[in-house]
Every structure is written in C-alpha cells, then in structure tokens.
Amino acid sequence: MSGFDWPSLLRVGVAGGLRPAEFWALTPAELVVVLGLEAVEKPLNRARLAELERMYSDMKGAP
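This structure is a prediction, so every number in the text was calculated from the model and none was measured. (Residues numbered from 1 in each chain as written. Predicted model: local features only at pLDDT ≥ 70, side-chain atom pairs only at ≥ 80, totals over all residues. Heavy atoms only, no water.)

Draft legend 1. Broad picture of the packing of aromatic side chains. By the definition in use, this model includes two aromatic pairs. A centroid spacing of 5.4 Å and a plane angle of 40° characterise the contact between Trp 6 and Trp 24, whose relative ring orientation is tilted. One end of the pair, Trp 6, is in helix 1 (residues 6-15); the other, Trp 24, is in helix 2 (residues 20-24), with 18 residues separating them in the sequence. Summarising the aromatic geometry, the rings of Phe 23 and Trp 24 are spaced 4.9 Å apart at their centres and angled 85° between planes, so their arrangement reads as edge-to-face. Taking the relative accessible area as the measure of exposure, Trp 24 reaches 51% and is therefore exposed. Three or more aromatic residues joined by ring pairs make a cluster, and in this case those are Trp 6, Phe 23 and Trp 24. (Phe/Tyr/Trp six-rings, centres within 6.5 Å; stacked < 30°, edge-to-face > 60°. Helix = DSSP H or I, 4+ residues; strand = E, 2+ residues; numbered from the N terminus. Buried < 20%, exposed > 50% of the residue type's maximum accessible area, 1.4 Å probe, protein only.)

If you want it as structure tokens, here you go:
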C-alpha cells in the first residue's frame, strides 16, 4: 500500500478554501467528502463484508 500524497491533498484543501489548520483538523470522513470520494467507497453489505474478511483474515496461514 502506498502512502498518501499529502502535498497534493493539502493543495486540494487550500484550493477549496480551507486554511492549513482547518485541513489538518479534518476527520478522515470529512477529508473523503472534501475530495469528492464518498460515492467511490463500496457499500458495506454482506458480500463486501465477506470480501473484507478474506482480505484481512486473522486466520491466514493458520492450520
């Protein structure tokens, strides 16, 4: 997993009218809204939960 491009994210926030202190005070959920990504996230339904369980299973490599 790659890291965040913080300079680009900050530029988006500042271009959107946020002062740097306001940008850094955003919650992750607020940042998603500011970036317009709220519609991109998959809904958490049974199929998505099963997918996440497969991806992040605590049982990987267990007998």
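Draft legend 2. Structural view of the pattern of salt bridges. Taken as a whole and judged by the stated rule, the model has two salt bridges. Arg 19 is paired through a salt bridge with Glu 22; the nearest N and O atoms lie 2.9 Å apart. Glu 22 gets classed as partly exposed once you look at its relative accessible area, which sits at 31%. The closest approach of N and O atoms between Glu 51 and Arg 48, which form a salt bridge, is 3.2 Å. Placement of the pair is Glu 51 and Arg 48 together in helix 4 (residues 46-55), with a separation of three residues, close to one helical turn. (Salt bridge = Lys/Arg side-chain N within 4 Å of Asp/Glu carboxyl O.)

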